[in-house]
Amino acid sequence: MPGAIGHREVATNGVLVDFRDDRDLAAGVRSIGGPLDGIVLAHGLFRGGKLREITHADWREVPDANLNSVFTTLHAADEFLRDGASIVII
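Rules used in this analysis
Residues numbered from 1 in each chain as written. Predicted model: local features only at pLDDT ≥ 70, side-chain atom pairs only at ≥ 80, totals over all residues. Heavy atoms only, no water. Helix = DSSP H or I, 4+ residues; strand = E, 2+ residues; numbered from the N terminus. Buried < 20%, exposed > 50% of the residue type's maximum accessible area, 1.4 Å probe, protein only. Contact = heavy atoms within 4.5 Å. Patch = residues over 30% accessible without salt bridge, like charges linked within 9 Å, V, L, I, M, F, W, Y side chains within 5 Å. Areas by Shrake-Rupley, 256 points an atom, 1.4 Å probe, with all protein chains shown as cover. Salt bridge = Lys/Arg side-chain N within 4 Å of Asp/Glu carboxyl O. Pairing = 2+ DSSP bridges. Right-handed = clockwise from strand over helix to strand, strands pointing away. pLDDT = per-residue confidence, 0-100.

**A look at the overall build of the chain**
Alright, step 1. Of regular secondary structure, the chain possesses 2 helices and 4 strands.
Alright, step 2. Tracing the chain from N to C terminus, the helices and strands come up as β-β-α-β-α-β.
Alright, step 3. Expressed as a percentage of its 90 residues, the buried residues of the chain come to 28%.
Alright, step 4. In the chain, once contacts between residues fewer than 6 apart in sequence are set aside, the share between residues at least 24 apart is 57%.

Next comes the structure, spelled out in structure tokens:
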């Protein structure tokens, strides 16, 4: 279900992409086109629980969702951002 915690796909301009696949994510962002006056990213992933119950695979998804996907999104959008464009990360 889109929007659910742990869901690995995001919609960009009606295109469903997997944030773990940098090329797919960048292509989804580029499909929006531009020029853009700004971009707002409101997402995140949290893996709660006892440390001994969190697997390495579970943990690796956290920086992929919270850091790497932000970088990939902004990197792909850069060519479409106007000078002075705003970037908001929530």
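And the narrative resumes.
**Considerations on a nonpolar patch on the surface**
Alright, step 1. On the surface, Val-40, Val-88 and Ile-90 cluster together into a nonpolar patch covering about 290 Å² of accessible area.
Alright, step 2. The residue Ile-90 is located in the segment after strand E4 (81-89) in this model.
Alright, step 3. Judged by its relative accessible area of 65%, Ile-90 is exposed.

**Considering the pairing of strand E3 (residues 36-41)**
Alright, step 1. Pairing analysis gives 5 bridges linking E3 to E4, with the strands arranged parallel. Across the sheet, residue Ile-39 finds its bridge partner in E4, namely Ile-87.
Alright, step 2. You can see the chain leave E3, run along helix H2 (residues 56-77) and come back into E4, and the turn it takes is right-handed.

**Some remarks on the confidence of the model for the chain**
Alright, step 1. Taken as a whole, the chain shows an average pLDDT of 76; of its residues, 78% reach a score of 70 or greater.
Alright, step 2. The least confident element of the chain is strand E1 (residues 9-12), whose mean pLDDT is 49; the most confident is E4, at 91.
Alright, step 3. Note that residues 1-10 has pLDDT below 50 and, in this model, 19 contacts with residues that lie over four places away or in other chains.

**Considerations on the environment of Gly-34**
Alright, step 1. Relative to the assigned elements, Gly-34 resides in the loop between helix H1 (22-30) and E3.
Alright, step 2. Taking the C-alpha atoms as reference points, Gly-34 and Leu-81, separated by 47 residues in sequence, lie 7.1 Å from one another.

**Some points on the environment of Val-88**
Alright, step 1. When you line up the elements, Val-88 lands in strand E4.
Alright, step 2. Look at Val-88 and you get partly exposed, because its relative accessible area is 37%.
Alright, step 3. Val-88 sits 50 residues away from Gly-38 along the chain, and the two C-alpha atoms are 7.9 Å apart.
Alright, step 4. When sequence neighbours within four positions are dropped, the list of residues in contact with Val-88 reads Ile-39, Val-40 and Leu-41.

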